Amino acid sequence: MDKYLIVGLGNIGPEYEMTRHNTGFMVLDAFAKASNTSFDDRRYGFVAETSLKGRKVILLKPSTFMNLSGNAVRYWLNHENIDQSRLLVVSDEVALPLGAFRLKANGSNGGHNGLGHIQQLIGQDYARLRMGIGNDFPRGMQVDWVLGRYSEEELETLQPAIDTAVEIIRGFVLAGIDITMNQFNKKGKVKG
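Below, the structure is looked at part by part. (Residues numbered from 1 in each chain as written. Predicted model: local features only at pLDDT ≥ 70, side-chain atom pairs only at ≥ 80, totals over all residues. Heavy atoms only, no water.)

**With respect to the overall build of the protein chain**
Filter applied, for reference: The helix count covers DSSP runs of H or I at least four residues long, the strand count covers runs of E at least two residues long, and both are numbered beginning at the N terminus. The globule rule is 2.2 Å times the number of residues to the power 0.38, and the radius of gyration it is compared with is taken over C-alpha atoms. Throughout, the Shrake-Rupley method with a 1.4 Å probe supplies accessible areas, and for residues the shown protein chains are the sole cover considered.
The secondary structure content of the protein chain amounts to six helices and seven strands. Along the protein chain, from the amino end to the carboxyl end, the secondary structure elements read β-α-β-β-β-α-β-β-α-β-α-α-α. Against the 2.2 N^0.38 benchmark of 16 Å for 192 residues, the protein chain shows a C-alpha radius of gyration of 15 Å, consistent with a compact globule. Dimensions of the protein chain, computed from the C-alpha atoms along their principal axes, are close to 50 × 30 × 30 Å. Accessible surface computed for the protein chain: about 9300 Å², of which carbon and sulfur atoms make up 46%.

Below you can see the structure in the form of structure tokens.
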């Protein structure tokens with residue numbers, strides 16, 4: 001059976017719930033809910049499993065804290081014997097406006113600590129879905145921004161992107177990265 005590892009980046013604990021840095025967790029929670037599955041506390045993270053048309057999908061929310069996310073990703077790739085081409089990592093992205101997203105087959109970490117640690121351990125060659133959280137913060141206040149909670153209005157703006165991210169994960173598993181990028185990246189740009 002083909003297996004896929006879908007990782008949402010975030011920080012564990014109630015103080016981080018609904019914060020911008022936990023957007024990856026929010027996407028995985030939405031996917032798990034849509035797939036009628038739930039997360040169990042396992043090694044290096046919270047794990048849920050489902051299947052799509054005969055393909056096993058493992059959802060992982062690392063419990064290692066953001067800047068050590070690579071430990072969880074590497075462990076679960078090895079533990080489940082999943083090829084890196086079947087890994088998709090969902091993260092927050094300050095360089096994209098709130099509600100925008102960008103799916104890429106590989107690339108740099110863009111200064112994101114979670115992606116940076118994954119890259120240190122397994123390289124740059126894995127798919128990532130970056131969810132825009134905006135960058136409406138004063139200089140030097142990025143940490144406060146990413147660890148800040150979404151307002152009700154921001155969540156309303158974000159929700160369609162989360163819904164689309166659930167579809168992107170399905171597309172990644174069923175159609176592959178290239179077709180899914182072609183299908184969704186045009187939709188991810190915010191019209192100005």
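Now that the structure has been shown, the text picks up again.
**So, the packing of helix α2 (residues 69–79) against helix α3 (residues 113–122)**
Rule in force here: Convention adopted: a line fitted to C-alpha atoms gives each axis, helices being fitted over their contacting stretch, and angles between N-to-C directions are expressed from 0 to 180 degrees. Angular relationships are summarised with four words: roughly parallel below 35 degrees, roughly antiparallel beyond 145, roughly perpendicular across 65 to 115, and oblique for the angles in between. The crossing is said to be left-handed when, going from far helix to near helix, the turn is anticlockwise and less than a right angle, and right-handed when the turn is clockwise. When checking whether two residues touch, look at their non-hydrogen atoms; a contact exists if any pair is within 4.5 Å.
Close contact between α2 and α3 brings their axes to 7 Å; oriented N to C, the two are set at 45°. Relative to α3, α2 is oriented oblique. Taken as a pair, α2 and α3 cross one another with a handedness that is right-handed. Between α2 and α3, the residues in contact are Ser69, Gly70, Asn71, Val73, Arg74 and Leu77 and Gly114, His117, Ile118, Leu121 and Ile122, respectively.

**Concerning the pairing of strand β3 (residues 45–52)**
In plain terms, the rule: DSSP bridges decide pairing: two strands pair if at least two such bridges lie between them.
Relative to β3, strand β2 (residues 40–42) runs antiparallel, the two sharing three bridges. In the sheet register, Arg42 faces β3, and the bridge partner there is Gly45. The loop that links β2 with its antiparallel partner β3 comprises two residues; one of these, Tyr44, has a positive phi angle of about 65°. Judged from the eight bridges that link them, β3 and strand β4 (residues 55–62) form a sheet pairing that is antiparallel. Residue Glu49 lies in a different strand from β4, and its bridge partner there is Ile58. Where β3 folds back on β4, the antiparallel hairpin that results is connected by two residues, among which Lys53 adopts a positive phi of roughly 45°.

**With respect to the sheet that holds strand β5 (residues 87–93)**
Strand order across the open sheet formed by seven strands is β2-β3-β4-β1-β5-β7-β6, with mixed pairing between neighbours. The open sheet has two edge strands, β2 and β6 (101–104), and neither has a second partner. Going across the sheet, the axis of each strand differs from the next one's by a mean of 25°, ignoring polarity. As judged from the four bridges shared by strand β1 (residues 3–8) and β5, these two strands associate in the parallel manner. When the sheet's bridge partners are listed, Gly8 is paired in β5 with Val90. The sheet contacts of helix α1 (residues 23–34) involve β1, β3, β4, β5 and β7 (127–132), and relative to β4 the element is tilted by about 145°.

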